[in-house]
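Structural characterization, general
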Amino acid sequence: MPSAPAGLPLGSVVFPGDRVARVADFERVLLGSGVRREGPLLVSTRAGVLGWDTESSRLWVEAEQRRYVPVLGDHVIGVVAEKHADEYRVDLGAAAPATLPVLSFDGATKRNRPHLAVGALVYARVVVANKDMDPEISCAAPPGVSSRDWVTRESLFGELLGGYSFDC
């Protein structure tokens, strides 16, 4: 059973891009989640605590990384991932992409509907959240809220223009 190399910072916090070790420092190593080989180096791909198992010679980064679980009524920001004839697929950071029908905008019709590009940011609300189905989102105002037409850009929900988006 190979032991960990002497200079390996076990139990220390590492960040994405940190050099963890050199491949040559190991007799045998299996790369676990959060560690990638870049030439002669082993590099962290996520923030967390570096771990090592001597029995399996496995090196990994332990991280608290969770996915968003859509809940009915949530207000979300998503990125348009796919564009289809009658719907968009929007990445919310959940396990499955959400569906955004093109007619789910205030004032949208078959002839007058928004044309979102792939990569556009959308502010919407979750209208279907079921563990057995993909989530569905809508850019229409909820009941009890005055709806404004999406064309005038005065609507509560819709495409977000300007600004920056960061992935953490």
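Refer to the preceding data block for the structure.
Attention in this report is confined to the structure presented alongside it. (Residues numbered from 1 in each chain as written. Predicted model: local features only at pLDDT ≥ 70, side-chain atom pairs only at ≥ 80, totals over all residues. Heavy atoms only, no water.)

A short note on the sheet that holds strand S2 (residues 19–22)
Taken together, the three strands give an open sheet; going across it, the order is S2-S5-S4, and neighbouring strands pair in antiparallel fashion. A strand with exactly one partner marks an edge of an open sheet, and here the two such strands are S2 and strand S4 (35–38). Each adjacent strand pair in this sheet contributes to an overall mean axis angle of 30°, direction not counted. (Pairing = 2+ DSSP bridges. Helix = DSSP H or I, 4+ residues; strand = E, 2+ residues; numbered from the N terminus. Axes fitted to C-alpha atoms, helices over the stretch in contact; angles between N-to-C directions.)

What about the nonpolar core?
When a protein is soluble and globular, its nonpolar side chains tend to lie buried together. Counting residues in each nonpolar core, the largest one holds 18 residues, and the members touching the most others are Leu-100 and Ile-137. Elements with a contribution of two residues or more to this core: strand S8 (75–83), strand S9 (87–91), strand S10 (98–101) and strand S11 (121–128). Not counting residues within four places of it along the chain, the set of residues in contact with Leu-100 comprises Glu-87, Tyr-88, Val-90, Phe-105, Leu-116, Val-122, Ile-137, Ser-138 and Cys-139. Val-20, Ala-21, Trp-52 and Leu-59 belong to the second largest nonpolar core, which has eleven residues in total. (Core = buried A, V, L, I, M, F, W, Y, C linked by side-chain atoms within 4.5 Å. Buried < 20%, exposed > 50% of the residue type's maximum accessible area, 1.4 Å probe, protein only. Contact = heavy atoms within 4.5 Å.)

A look at the sheet that holds strand S1 (residues 13–14)
Read across the sheet, four strands follow the order S1-S6-S7-S3 without closing on themselves; strand pairing throughout is mixed. Of all strands in the sheet, those with a lone pairing partner are S1 and strand S3 (30–31), marking the two edges. Relative to strand S7 (residues 58–62), S3 runs parallel, the two being bridged by two bridges. When the sheet's bridge partners are listed, Leu-30 is paired in S7 with Arg-58.

Re the pairing of S8
Here S8 runs beside S11; their pairing, made up of five bridges, is antiparallel. By the bridge assignment for S11, Ile-77 is matched with Tyr-123. Sheet analysis places S8 next to S9, joined by four bridges and oriented antiparallel. The residue of S9 that forms the bridge with Glu-82 is Arg-89. Turn length for the S8-S9 hairpin, with the two strands adjacent in sequence and antiparallel, is three residues.

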